[in-house]
Amino acid sequence: MTLQCLIAAVFFAVAGWAGGVAAQVPLTTAATIAQNTTSIAVAIDGSWARASVAGQKATGAFMRITARQSLRLVGTDSPAAGVTELHEMKMEGDVMKMRAVPALALPAGQTVELKPGGYHVMLMDLKAPLTPGSSVPLTLVFQDAKGFEFRQQVQVPVATRAVPAAHAPAHQH
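Definitions and limits used
- Residues numbered from 1 in each chain as written.
- Predicted model: local features only at pLDDT ≥ 70, side-chain atom pairs only at ≥ 80, totals over all residues.
- Heavy atoms only, no water.
- Salt bridge = Lys/Arg side-chain N within 4 Å of Asp/Glu carboxyl O.
- Helix = DSSP H or I, 4+ residues; strand = E, 2+ residues; numbered from the N terminus.
- Buried < 20%, exposed > 50% of the residue type's maximum accessible area, 1.4 Å probe, protein only.
- Polar contact = N/O pair within 3.5 Å; in protein donor to acceptor, adjacent residues only side chain to side chain.
- Pairing = 2+ DSSP bridges.
- Core = buried A, V, L, I, M, F, W, Y, C linked by side-chain atoms within 4.5 Å.
- Contact = heavy atoms within 4.5 Å.

(A) Just the pattern of salt bridges, in detail. Counting across every chain of the model gives 3 salt bridges. Of the charged contacts, one joins R64 and D45 as a salt bridge, the two residues approaching to 3.4 Å between their closest N and O atoms. One end of the pair, R64, is in strand β2 (residues 58-67); the other, D45, is in strand β1 (residues 42-50), with 19 residues separating them in the sequence.

(B) Summary view of the side chain of Q143. In this fold, Q143 is placed in strand β9 (residues 135-143). Since its relative accessible area comes to 16%, Q143 is described here as buried. Only 3.4 Å separates the side chain of Q143 from the side chain of E149, close enough to count as a polar contact.

(C) Representation of the pairing of strand β10 (residues 149-159) within the structure. Summarising the sheet, β1 and β10 pair through 2 bridges and their orientation is parallel. For A49, the partnering residue across the bridge sits in β10 and is V158. Pairing between β9 and β10: 9 bridges, direction antiparallel. When the bridges of β10 are listed, F142 appears paired with F150.

(D) Layout of unusual backbone geometry. The phi dihedral of D125 is positive, around 55°, even though this residue is not glycine. Here D125 lies in strand β8 (residues 119-126).

(E) Layout of the nonpolar core. Within the largest apolar cluster, 29 residues are counted, with the highest numbers of intra-cluster contacts made by I65, L73, L114 and F142. With residues up to four places along the chain from it excluded, the contact list for I65 reads V42, A43, I44, L73, L106, Q110, T111, V112, L114, L140 and F142. The next biggest cluster of nonpolar side chains, apart from the first, holds 5 residues, and it includes M89, M96, M122 and M124.

See below:
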């Protein structure tokens, strides 16, 4: 049994002694959960969040995600924002439209890019301005084909980057 499996087993056992729901989970299941978590690898690179301007309460975060096995990105969270959502932005004719999406497929071994003008993480109801040179903590929630969810935390650097002219028109939600 690896150290992580042992730690997971002890956690579930202690939670069981405390009268928690975990008392109903066998120790072998706790070890299996720990092994599944360590066998799922997600590489995240090129992450950045757009710096906000005075009075702006929302911005986007962008990155490239590569999963070793097929997964779905099913949620996001950040203490820097009151609301975080996975969004899709696309042009319909000459109108840019943005909408929240419940999940984003991450095919095994393929890099999926979250970028301006496409899929991205919306950080809304910002608790403080995001300034260039700082970073913002972001938690990404992934789900495998069996429904097992796990979280990965990322420190996303804040930067000022120009929006390509093709993405400059006003958008609609």
